[in-house]
Amino acid sequence: MSIEVNYWAVALATISTMIVGSIWYTPNVFGNYWLRVAKVDMEDRSAVGPILTTLIVSFISAWVLAIAVQVTWLAFGGNYLVVALTVAVVAWAGFTAARFITHDAFEGRPSGLTILNIGHELVTFIVMALIIGAWPPAGTV
């Protein structure tokens, strides 16, 4: 089995996470709520470190998603975009959402914050899947 990855799609999916996050956490959307409930004070910290960390982690997430989509498509076939969306939602539910819920429950975080953050992750995974699914590796589909 040869696992091909379209790194242009992975790069675009990585960038998309920054765009989704920038919109999701803007003050006019959910940013003010997030700052208040998560007790984040942006005046006392630089955003450079978190942004660089987000880029690195987002690349890893997009790359792993692209590999998982390709493996699933090779195993089951079907419409590449549908496979990408299915894999993204299953990965989100089984890994991201489940882990957020567990950690937040033990840390006593408000359920509204958990829902906000896992909602952001769901949208992020769906956007990444749309990019990866719409732009499969050359010769794949």
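Residues numbered from 1 in each chain as written. Predicted model: local features only at pLDDT ≥ 70, side-chain atom pairs only at ≥ 80, totals over all residues. Heavy atoms only, no water.

An unreviewed UniProt entry annotates the protein chain as DUF1761 domain-containing protein originating from Agromyces salentinus.

1. Some remarks on the packing of aromatic side chains
Tallied over the entire structure, the rule returns three aromatic pairs. With a centroid separation of 4.7 Å and an interplanar angle of 45 degrees, the aromatic rings of Trp24 and Phe30 are classed as tilted. Here Phe30 falls in the partly exposed class, since its relative accessible area comes to 31%. (Phe/Tyr/Trp six-rings, centres within 6.5 Å; stacked < 30°, edge-to-face > 60°. Buried < 20%, exposed > 50% of the residue type's maximum accessible area, 1.4 Å probe, protein only.)

2. What about the UniProt feature "transmembrane region" (unreviewed entry) in the protein chain?
In this structure's numbering, the residues bearing the UniProt feature "transmembrane region" (unreviewed entry) are residues 6–26, 47–74, 80–101 and 113–135. Taken end to end, residues 47–74 has its terminal C-alpha atoms 40 Å apart, with 96% of it in helix and 0% in strand. Strand forms 0% of residues 80–101 and helix 100%; the C-alpha atoms that close the span are 30 Å apart. (UniProt positions renumbered as here; feature names shortened; annotations may be inferred. Helix = DSSP H or I, 4+ residues; strand = E, 2+ residues; numbered from the N terminus.)

3. Points about helix α1 (residues 7–24)
Between its first and last C-alpha atoms α1 spans 25 Å; for 18 residues at 1.5 Å apiece the expected length is 26 Å, and the two agree. Listing the buried residues of α1 in full gives Ala9, Val10, Ala13, Thr14, Ser16, Thr17, Val20, Gly21 and Trp24. Within α1, the buried residues cover an arc of 160 degrees as seen down the axis, which keeps them to one side. When the buried face of α1 is taken as reference, the exposed residues oriented beyond 90 degrees from it are Trp8, Ser22 and Ile23. Buried residues belonging to α1 abut α2 (27–38), α3 (48–76) and α5 (111–134). If you check the start of α1, you find a side-chain oxygen 2.9 Å away from the backbone N of Trp8, and it comes from Asn6. (Expected span 1.5 Å × (residues − 1). Arc of directions from axis to C-beta. Contact = heavy atoms within 4.5 Å. Polar contact = N/O pair within 3.5 Å; in protein donor to acceptor, adjacent residues only side chain to side chain.)

4. Here's the deal with the pattern of salt bridges
Evaluated as defined, the whole model comprises two salt bridges. The shortest N-O distance in the salt bridge between Arg109 and Asp104 comes to 4.0 Å. Taking the relative accessible area as the measure of exposure, Arg109 reaches 40% and is therefore partly exposed. Its salt-bridge partner being Arg109, residue Glu107 comes within 3.0 Å of it at the nearest N-O pair. Of the residues examined, Glu107 reaches a relative accessible area of 52% and is grouped as exposed. Connected through shared salt-bridge partners, Asp104, Glu107 and Arg109 make up one network. (Salt bridge = Lys/Arg side-chain N within 4 Å of Asp/Glu carboxyl O.)

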